[in-house]
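The chain contents come next:
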Amino acid sequence: MKFSGNMDTQAFNMVMATILRREAQNIFRSKGVLSFEGEGETKFVFQGVHEQIDFGPAKSPWKAGEERLNKLVFIGRGLERDELEGFIKLAQAPVSDEVMGKIQREFYDAMETGVTNAYEEEDAAFEEEGDEALAAAQARQNGAPPS
């Protein structure tokens, strides 16, 4: 997704944290180039895997006259492009108090609700497999024939 202009730093950070919290198991990879309000010619880049993001200034700044084009890429499964893009666009500067309130409500809801239960289900399955493997190993140690 691409859109021009500057992003509001606080709003963008909350939007990304919300998306990553809600979609961690579905976002395999993300990357982008960003322009932030009040950061002069500094161009920012990020890349991530699931909810882990590396973010910082790019090696080269925005060039004189270069369009401030924000570019974001999400690779994953079951992602709704229109929803992601609409939510990210809320962080375009300037952000009104009303829009910031919406972003904050979404952010706090995501932090309270957390990542969907997919990770908990995976953890339970691994734990069950681990318990079975441990029981089999203990039985073998005690002289029981392998099952």
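Preceding block: the structure.
Note that the coordinates shown come from a computational prediction; the quantities given were computed from them, not determined experimentally.

**Quick notes on the sheet that holds strand β3 (residues 43-49)**
Next up, step 1: Taking strand neighbours across the sheet as the criterion, the five strands line up as β1-β5-β2-β3-β4 in an open arrangement whose pairing is antiparallel. Because the sheet does not close on itself, it has two edges, and the strands there are β1 (2-4) and β4 (52-57). Adjacent strand axes in the sheet meet at a mean angle of 10° when their direction is disregarded.
Next up, step 2: Pairing analysis gives six bridges linking strand β2 (residues 27-35) to strand β5 (residues 69-76), with the strands arranged antiparallel. Its bridge partner lying in β5, S30 is registered against F74.

**Regarding the packing of helix α1 (residues 9-23) against helix α3 (residues 97-113)**
Axis angle and axis distance: for two packed helices, these are the angle between their axes and the distance between the axes, and together they describe the pair.
Next up, step 1: Running from amino to carboxyl end, α1 crosses α3 at an angle of 35°, the nearest separation of the two axes being 9 Å. In terms of crossing hand, the pair formed by α1 and α3 is left-handed. Mapping the contact onto sequence places Q10, A11, M14, V15, A17, T18, R21 and R22 in α1 and M100, I103, Q104, E106, F107, Y108, D109, A110 and M111 in α3.
Next up, step 2: Of the residues that constitute the contact of α1 with α3, the class distribution is 10 nonpolar, three polar and four charged.

**A short note on unusual backbone geometry**
Next up, step 1: Omega for the peptide link from A93 to P94 comes to -5°, which places this bond in the cis form.
Next up, step 2: Within the element layout of this structure, P94 appears in the loop between α2 (81-89) and α3.
Next up, step 3: Even without glycine at this site, H50 takes up a positive phi of about 50°.
Next up, step 4: With respect to the secondary-structure elements, H50 resides in the loop between β3 and β4.
Next up, step 5: According to the relative accessible area criterion, H50 is partly exposed, its value standing at 27%.

Here is what the cut-offs are and how they apply
Residues numbered from 1 in each chain as written. Predicted model: local features only at pLDDT ≥ 70, side-chain atom pairs only at ≥ 80, totals over all residues. Heavy atoms only, no water. Pairing = 2+ DSSP bridges. Helix = DSSP H or I, 4+ residues; strand = E, 2+ residues; numbered from the N terminus. Axes fitted to C-alpha atoms, helices over the stretch in contact; angles between N-to-C directions. Left-handed = near helix turned anticlockwise from the far one by under 90°. Contact = heavy atoms within 4.5 Å. Nonpolar A, V, L, I, M, F, W, Y, C, P; charged D, E, K, R; others polar. Buried < 20%, exposed > 50% of the residue type's maximum accessible area, 1.4 Å probe, protein only.

In short, geometric facts, not functional conclusions.
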